[in-house]
Amino acid sequence: MGKNNLLLICETYTNFQKDPIDLLANHFNNISVFVKYNPIAEISRYISLPALIQHNSKNKIDLTNKPPNINVFLTPIFYMPFDSQYKALGNKHLKSVEKVIEENNIEFDLIHSHFTWPCGYVGAKLREKYNVPLVITAHGFDIYKLPFKDMDWQQKIQYVLNSADYIITVSKNNLDCINKLNVNTPVKVLPNGYKGDLFYPMNQLQCRRKLNLSLNSKIILNVGNLSEVKGHKYLIEAMKVIVKFRKDVLCIIIGEGKLRYTLQRQINNNGLSKFIKLVGRKPHSEIPIWINACDLFVLPSLNEGNPTVMFECLGCSKPFVGTRVGGVPEVITSEDYGLLVDPGNVQDLAEKIKVALNKNWDRKKITNYAEQYQWENISEQIRHIYCRVL
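Residues numbered from 1 in each chain as written. Predicted model: local features only at pLDDT ≥ 70, side-chain atom pairs only at ≥ 80, totals over all residues. Heavy atoms only, no water.

1. Notes on the sheet that holds strand E3 (residues 70-76)
In step 1: Sheet architecture is open: 7 strands sit in the order E3-E2-E1-E4-E5-E6-E7, paired in parallel fashion. Two strands lie at the open edges of the sheet, namely E3 and strand E7 (187-189), each paired on one side alone. For this sheet, the mean inter-axis angle between neighbouring strands, taken without regard to orientation, is 20°.
In step 2: Both strand E1 (residues 5-10) and strand E4 (residues 110-114) contribute to a ladder of 4 bridges, which runs parallel. (Pairing = 2+ DSSP bridges. Helix = DSSP H or I, 4+ residues; strand = E, 2+ residues; numbered from the N terminus. Axes fitted to C-alpha atoms, helices over the stretch in contact; angles between N-to-C directions.)

Given below as structure tokens:
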């Protein structure tokens, strides 16, 4: 593949989309990464608007250690956050991508789209126009939710998936969703992963001192966008139960989103401001320090594809408490690595957090288990798929 050029159509060039791309760079002559963004979100760079912060261009592109043969382009699309607007994004996104291709004389031999809509739709149309193979990765809501909202969405997603030469999806749960559709394209389940040179065990006390955190508290950590699907309100309710039994706990929630002020009110109204801190968005390079500073990672999501933070947590040898959704039960297969709860069950969540805080975890066993999910291993399997379709 060394003489081939790859075109990536992505939601972001950060974290779980950036990491495998960077590792694949030396297998290609050139990689062009197109990142979709809404210029309206740029307002959040100057005015505090939690709902838009994660969507501005600064937070959608991370050029840290970018290989020299990767070129990143923004593809702007103006739209409002309504379902009717989202359905119309396909052709808008396509026009923006085609404009960048023409202006920069970009050549490519293979297309890989992350998320079925609208990036997958753009990939499908480009495949038709340029007659090059297409790989699509179905990550989460784009496959477990979108095609089942109504018949129109189902037809759109089926068209996209049947246009691909190969489909990657991140969990068996997602595969079950694909199998409910009229799709004939071959599918490979490849979970998300983590960077082993970034997420690894560090000294807990040193990490806490660096972050100016208590050295004596039991610290619970959550990292995720502040949206309904991440289930933060259930974590806050569970903390209300936990602090009745012990006062040495601190729950830190990292992330931004439209629920920032709603969650802060919930914390204040329940008298939990001493025990729960919303600390906002943090650079990805800083997340390993936060994970290593904690005693326990908790992800109370109502749905997931296969959360990257779960692998990052395990890579840092931290136990994981999460919900039985998406690919989580496919990874947390033993109580040696973490504990599972039903989504939305506050009492179960509180009980499992209490158990996990008191348990003597075998940290080395967690780290050894996590190694199979390092991005080096996952990206090698992606490379084999590329070779197959080329």
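That shown, we press on.
2. Observations concerning the domain arrangement of the protein chain
In step 1: Domain assignment breaks the protein chain into domain 1 (3-192 + 373-387) and domain 2 (202-371).
In step 2: Here the C-alpha centre of domain 2 lies 28 Å away from the C-alpha centre of domain 1.
In step 3: Interface area, domain 1 with domain 2, both sides summed: about 1,800 Å², of which 51% is carbon and sulfur.
In step 4: Across the domain 1-domain 2 interface, the total number found is 0 salt bridges.
In step 5: Applying the counting rule to domain 1 against domain 2 returns 11 residue pairs in polar contact (both at pLDDT 80 or more).
In step 6: Residue assignment for the side of domain 1 that touches domain 2 shows that the elements contributing at least two residues are helix H1 (15-24), helix H2 (50-53) and helix H9 (172-179). (Domains from an automatic or database assignment. Buried area = accessible area lost by both parts, 1.4 Å probe. Salt bridge = Lys/Arg side-chain N within 4 Å of Asp/Glu carboxyl O. Polar contact = N/O pair within 3.5 Å; in protein donor to acceptor, adjacent residues only side chain to side chain.)

3. Re the UniProt feature "domain: Glycosyl transferase family" (unreviewed entry) in the protein chain
In step 1: When the UniProt feature table is mapped onto this chain, "domain: Glycosyl transferase family" (unreviewed entry) is found at residues 208-372.
In step 2: Counting secondary structure, residues 208-372 comes out at 39% helix and 18% strand; the distance between its end C-alpha atoms is 28 Å. (UniProt positions renumbered as here; feature names shortened; annotations may be inferred.)

4. Brief notes about the environment of Lys274
In step 1: Relative to the helices and strands, Lys274 is located in the loop between helix H12 (260-269) and strand E10 (276-280).
In step 2: Its relative accessible area of 63% is what places Lys274 among the exposed residues.
In step 3: Through-space distance from the C-alpha of Lys274 to that of Lys247 is 9.6 Å; in sequence the pair is 27 residues apart. (Buried < 20%, exposed > 50% of the residue type's maximum accessible area, 1.4 Å probe, protein only.)

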